[in-house]
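# Structure at a glance
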Amino acid sequence: MRPTNDDRPVLEIRDLSVAYGYDDDAVHALRHVNLTLHAGEVLGLAGESGCGKSTLAYAATRLLPPPGLITSGEVVFTSTRDNRKFDLLSADDRQLRRSRWTDTAIVFQGAMNSLNPVHRVGRQMTDVIAAHRPGPAALRTERAAELLDLVGIPPDRMRSYPHQLSGGMRQRVMIAMALALEPQIVIMDEPTTALDVVMQRQIVEQLMELRTRLGFSVIFITHDVSLLIELADRIAIMYAGQIVEDASAREVYRAPRHPYTADLLHSFPPLHGPRRTLGGIGGTPPDLVALPPGCSFEPRCRHAFDRCAREVPTLTPTAVGESESHRRVACFQHCREITNIPESLRRTV
């Protein structure tokens, strides 16, 4: 699905850790996360609620609200236009202001909470442009109208207030605002969660069309793995503040290596084929204040054995086939199919 075969990294997240609070009561929301986004790529980020998906997006863009605290790591942005390279986490206010909207932009989950209810849509869009690229007001208005037309909204709706637009139109306005300064990276934080399935389909299809036309990279955050399999080039699965599997969408769908990934896939009903019983995921996510000593997923895993309770698996490349040379899994059983684990090592949650 990638418009160009470009393996240049535009965003490299290295050893990123985030905690909420201090001392022994701190909640370790992210723990040593490493992730790379390539030029023109759609990277899906999936996992249960509370696994750290949104925290990762906000920390990487320096939008993390208090009491969130970045305790370690780097977020290196490399421009594909002029080869600028800098760490977003160590950038000063001037450099950060220059980067926002032009290098990276974000579309939040609740469009109604992101738009100012007392200002017309057109004014909010022109304000974004004026803040970063001052110029004649007529040109800003023309650009705002072009952006609305780009996302399928009639330009005359610029005079509408947010409450006068449907949920889908408000989300399209947020996408148009994110694209106002032609960013190289667009982060979508569950943009379709509050919409019905028909509108979800329209928003996703339009986003993919815009990505193909404009060539930006996308980080798409959602709990719906089935949606990512359809639209993403690569999927990273998060659990308890860590990446537990990072592979192409095809590999995740056809042969998930981590037990948590497999359980997520089996939590959604298939649209085709025979009926089957949905398994779900037994147990509950761990307490991030007091994590288990070994693998975080071990208390819920049907395939865990003694080593899983003692040691923490690291995210490492798999050794299963040449086609999986770029796949990474944090599981001691990643070198074999989950279904091939000996019965003596299996257990029931």
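To be clear, the structure that these remarks concern was listed above.
We now turn to the structure provided with this report. (Residues numbered from 1 in each chain as written. Predicted model: local features only at pLDDT ≥ 70, side-chain atom pairs only at ≥ 80, totals over all residues. Heavy atoms only, no water.)

## Structural notes on the overall build of the protein
Along its length, the protein carries 11 helices and 12 strands. Expressed as lengths along the three principal axes of its C-alpha atoms, the size of the protein is roughly 70 × 50 × 40 Å. Out of the 349 residues in the protein, the part that is buried amounts to 50%. If you take every contact in the protein between residues at least 6 apart in sequence, the share linking residues at least 24 apart comes to 66%. For the protein, the computed accessible surface area is about 17000 Å², with 51% contributed by carbon and sulfur atoms. Across the protein, 40 positive and 41 negative side-chain charges occur, with their mean positions spaced 4 Å apart. (Helix = DSSP H or I, 4+ residues; strand = E, 2+ residues; numbered from the N terminus. Buried < 20%, exposed > 50% of the residue type's maximum accessible area, 1.4 Å probe, protein only. Contact = heavy atoms within 4.5 Å. Areas by Shrake-Rupley, 256 points an atom, 1.4 Å probe, with all protein chains shown as cover. Lys, Arg positive; Asp, Glu negative; His and termini not counted. Charge placed at Lys NZ, Arg CZ, Asp CG, Glu CD.)

## Quick word on the packing of helix 6 (residues 167-178) against helix 7 (residues 197-214)
For the pair helix 6 and helix 7, interaxial distance at closest approach is 10 Å and the crossing angle is 20°. Here helix 6 is positioned roughly parallel relative to helix 7, judged by the angle of their axes. For the pair helix 6 and helix 7, the crossing hand works out as right-handed. Contact residues: helix 6 offers Gly 168, Gln 171, Arg 172 and Ile 175, while helix 7 offers Met 199, Gln 202, Ile 203, Gln 206 and Leu 210. (Axes fitted to C-alpha atoms, helices over the stretch in contact; angles between N-to-C directions. Parallel < 35°, antiparallel > 145°, perpendicular 65-115°, else oblique. Left-handed = near helix turned anticlockwise from the far one by under 90°.)

## Section: helix 6
Along an α-helix, a turn takes 3.6 residues, which lines up residues three or four apart on a common side. With 12 residues, helix 6 ought to run about 16 Å at 1.5 Å a step, and its terminal C-alpha atoms sit 17 Å apart, in line with that. Taken across its 12 residues, helix 6 has 11 buried, putting it largely inside the fold. Within the sequence span of helix 6, burial applies to Gly 168, Met 169, Arg 170, Gln 171, Arg 172, Val 173, Met 174, Ile 175, Ala 176, Met 177 and Ala 178. Those residues of helix 6 hidden inside the fold are in contact with strand 6 (104-107), helix 3 (111-114), helix 4 (121-132), helix 5 (137-150), strand 7 (185-189) and helix 7. (Expected span 1.5 Å × (residues − 1).)

Read these as geometric descriptors, not functional statements.
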